[in-house]
Amino acid sequence: MTGNLDQDLLLGMNALAGTHAGLYELATNSLFRGIPIFGSLVALWFVDDCAKRRSRMLAGLFGVCLATMLSVWLQFHVFVHTRPLLDPALHVNSVAVPWSWDRQSSFPSDTATLFFGLATVVFIENRWAGWLCFLWATVVVALSRVAFAFHYPSDVIGSLVLGVAFVMLFGRPSYPRVVIERMLVTLGNRMYLVHAFLFVFLAEASNLFLSLEQLGKDLVRMVHS
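## What to know about the confidence of the model for the protein chain
Predicted confidence across the protein chain gives a mean pLDDT of 86, with 91% of residues reaching 70 or more. For the protein chain, per-element mean pLDDT is lowest for helix H10 (residues 210–224), which scores 63, and highest for helix H5 (residues 110–125), which scores 95.

Written as structure tokens, this is what we have:
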């Protein structure tokens, strides 16, 4: 034990699962880790034709998007600690990953922020489904990323706070939810456009908004070129 609880928890979990390639493949499989939460969101969206509930969900999903983008920005611009996998002083166990890390800092976890945020959207609409989604996000997403030394425990705790806070900030107050509700009522018979938008959003979210992130980078390069 080093006296650093964050590091001790990381090393303990990493010693148990850090080289288990099968667990890594399962934990990073988009369908496996995503279907309980994304499936719950789709089910809640279509359970009835309630503009008030749908507007609350859309406002919460907007908060999820902002929280995830902020977590990525923080990793690039606010250095808290080196990503465990990239810190040679830790001597962590690791599995081969098919990408290179472009962010040295690991605080907070953008993946955990996304899934905790989505679980919060579910929780607001259905407590039992929400608790199950939080449990799933904690075990399959958050703890697995600590075990494989992608993040420290404090990174996923920060993600929990960030994801929940942004959904509550946008999903609970009357504004902007009321504006979205009026938009849904106005659309009336054209709700298929909203359904299409939702599916595109969820597809992009399941891919951690990588296309949106790349689009932002391309726009920045165009501005500075």
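## Considering the packing of aromatic side chains
As enumerated under the stated definition, the model contains 11 aromatic pairs in all. Between Phe62 and Phe170, the aromatic rings sit 5.2 Å apart at their centres with planes inclined by 85°, giving edge-to-face as the arrangement. Highlighted residues: Phe62 in helix H4 (residues 51–77) and Phe170 in helix H7 (residues 153–171), separated in sequence by 108 residues. Take Phe62: its relative accessible area is 45%, and that puts it in the partly exposed class. Since its relative accessible area comes to 17%, Phe170 is described here as buried. Centre to centre, the rings of Phe197 and Phe201 are 6.4 Å apart; their planes meet at 35°, and the pair counts as tilted. One end of the pair, Phe197, and the other, Phe201, are both in helix H9 (residues 191–206), 4 residues apart, so they sit about a helical turn from each other. Residue Phe197 is classed as exposed on the basis of its relative accessible area, which comes to 52%. By relative accessible area, which is 12% here, Phe201 ends up buried. Put simply, the rings of Phe116, Phe123, Trp131 and Phe134 pair up and form one aromatic cluster.

## With respect to the packing of helix H3 (residues 30–46) against H5
Interhelical geometry of H3 versus H5 gives an angle of 35° and a closest axis separation of 10 Å. The two elements H3 and H5 meet at a crossing, and its hand is left-handed. Where H3 abuts H5, its residues Arg33, Gly34, Ile37, Phe38, Ser40, Leu41 and Leu44 lie against Thr111, Phe115, Leu118, Ala119, Val121, Val122 and Glu125. In the contact of H3 with H5, the residues fall into 9 nonpolar, 3 polar and 2 charged.

Definitions and limits used
- Residues numbered from 1 in each chain as written.
- Predicted model: local features only at pLDDT ≥ 70, side-chain atom pairs only at ≥ 80, totals over all residues.
- Heavy atoms only, no water.
- pLDDT = per-residue confidence, 0-100.
- Helix = DSSP H or I, 4+ residues; strand = E, 2+ residues; numbered from the N terminus.
- Phe/Tyr/Trp six-rings, centres within 6.5 Å; stacked < 30°, edge-to-face > 60°.
- Buried < 20%, exposed > 50% of the residue type's maximum accessible area, 1.4 Å probe, protein only.
- Axes fitted to C-alpha atoms, helices over the stretch in contact; angles between N-to-C directions.
- Left-handed = near helix turned anticlockwise from the far one by under 90°.
- Contact = heavy atoms within 4.5 Å.
- Nonpolar A, V, L, I, M, F, W, Y, C, P; charged D, E, K, R; others polar.

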